[in-house]
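The lines below spell out each chain.
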Amino acid sequence: MSPAPAAREAAAEPPAESGRPDAAGHRPVKEGSAVPRVPGRTPVRLGPLSAVWRPRTVLVPCAIALALCAAVVLNTGRGDFPLSPGDVLQALFGTADGVAELVVWELRLPRSVVGALVGASLGLAGAILQGIARNPLASPDILGITAGAGVGAVSVIVFAGANGAAGGLVGDVGIPTAAVTGGLAAALLVYVLAVRQGISGYRVLLVGVGVNAALTSVLSWLLVKADIVDAGRALIWLNGSLNGTNWDIAAPAAWALTLLLPAALLLSLQFGALAFDEDTARGLGVRMTGARAALLLTAVLLTAVATAATGPIAFVALACPQLALRLLRTGHPPLFASALLGAAVTVWADFLGRTLISGVELPVGIFTAALGAPYLLYLLVRSGKARTS
């Protein structure tokens, strides 16, 4: 065979697999071989679905759940008739005497259950809002949703109380309904004002701060207008407290969380696309306005129902998503872990507020505000450094 035909045959044959990257930086993969894996991450495939196994995403929520269970047991044993953790566990499993079971199931357990449900709803709502706005300062407290719920509830207390009807049916039905309505109205106002010329996370945050300031002034006017008795009742509600909670209060919060948590997890699949601009997201097949509106509505309903149950509990929705993000090291606040952490923080705050100062029981909203205010200052300083660096 002459050299020329031999050279042509050699050129026609495919190059040998050398394992070296090509010009684009890709390494060749032999046919039938496994796809290269990312070191330290195990792929998990279930039919057409695939994901990456990260132990932290399982271990951290389990640890938070254990902390939540410990808080519920300790908080349930706290009271004028103290119970040890062993007594509480026996009552929960039905092996204690009748008195202990009555105290646990009818008098004390609803307080911890309501605290866990409200904290989970607020933590989930905060994670959704921070994911939409891509800003750690976005929360129902900052965007005016909590203030809107407060205006609705305090309006019922003030105006119905003037006619002697703030208790009874108006107190049981009117105040929660007004709180939910006020939260929805405030969120709608923020959305309408922020949606002009294309909605953006920064614009939502600025509009929310303005709406929150306006609603706070309305709250102050309502408290000034009310008589001393109604103003006192309104202030107790505005501080956020788990006193007097029962299973009837827990039921609406449980239904809301049961229905909205799966919806939020499903809608959270859009978070990756929300990180892009409008044109890029549209090219990926995601309608930005519809996705943001659905997520915002879910967060508003969670916040409104939680606020209607106990009053506003400050800073849970602000701090818990960021703490969960740092614990799990994800790209955006994790929804399920944020909900678990919100529940644990709320129940622990209630327990510590009842325990730290002898003879004094601090409302859970005051205790979380005392813990959350320094964290808010930290976020503001950190954001300022990030902009100037």
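Above this text is the structure in question.
Residues numbered from 1 in each chain as written. Predicted model: local features only at pLDDT ≥ 70, side-chain atom pairs only at ≥ 80, totals over all residues. Heavy atoms only, no water.

Quick notes on the environment of Asp350
Reasoning step 1: Looking at the secondary structure, you find Asp350 in helix α15 (residues 335-355).
Reasoning step 2: For Asp350, a relative accessible area of 0% corresponds to the buried category.
Reasoning step 3: Separated by 108 residues in sequence, Asp350 and Leu242 place their C-alpha atoms 7.8 Å apart.
Reasoning step 4: Residues in contact with Asp350, not counting those within four places in the same chain, are Asn75, Arg111, Leu242 and Val364. (Helix = DSSP H or I, 4+ residues; strand = E, 2+ residues; numbered from the N terminus. Buried < 20%, exposed > 50% of the residue type's maximum accessible area, 1.4 Å probe, protein only. Contact = heavy atoms within 4.5 Å.)

Quick word on helix α4 (residues 98-133)
Because an α-helix completes one turn every 3.6 residues, residues spaced three or four positions apart along the sequence face the same direction.
Reasoning step 1: Here α4 is 36 residues long and its end C-alpha atoms lie 51 Å apart, about the 52 Å a rise of 1.5 Å per residue gives.
Reasoning step 2: Along α4, the largest kink reaches about 50° and is centred on Leu109; proline Pro110 follows within four residues of it.
Reasoning step 3: Most of α4 sits inside the fold, with 28 of its 36 residues counted as buried.
Reasoning step 4: Arg134 sits one or two residues past α4 and shows a positive phi near 55°. (Expected span 1.5 Å × (residues − 1). Bend = angle between axes of the 7 residues up to and from the residue.)

Examining empty space enclosed by the protein
Reasoning step 1: Summed over the entire model, instances satisfying the criterion amount to 3 cavities of 30 Å³ or more.
Reasoning step 2: Of the volumes computed, that of the largest cavity is approximately 70 Å³.
Reasoning step 3: If you trace the largest cavity, you find 10 residues lining it, with Leu129, Ile132, Ala133, Val204 and Leu296 closest to the centre.
Reasoning step 4: At the level of secondary structure, the elements contributing two or more residues to the lining of the largest cavity comprise α4 and α13 (288-310).
Reasoning step 5: Considering each element in turn, the lining of the largest cavity owes the most residues, 3 residues, to α4.
Reasoning step 6: Class assignment for the residues of the lining of the largest cavity results in 9 nonpolar, no polar and 1 charged.
Reasoning step 7: Space inside the second largest cavity adds up to approximately 40 Å³.
Reasoning step 8: Leu122, Pro140, Asp141, Thr146, Thr303, Ala306, Thr307, Gly311, Pro312 and Ile313 are the residues that line the second largest cavity.
Reasoning step 9: For the lining of the second largest cavity, the secondary structure elements donating two or more residues are α5 (140-143) and α13.
Reasoning step 10: In the lining of the second largest cavity, the residues fall into 5 nonpolar, 4 polar and 1 charged. (1 Å grid on protein atoms, 1.4 Å probe; cavity = no way out; pocket = protein on both sides within 12 Å on 5 of 7 lines; lining within 4 Å. Points joined across faces, edges and corners; volume = space filled by probe spheres on them. Nonpolar A, V, L, I, M, F, W, Y, C, P; charged D, E, K, R; others polar.)

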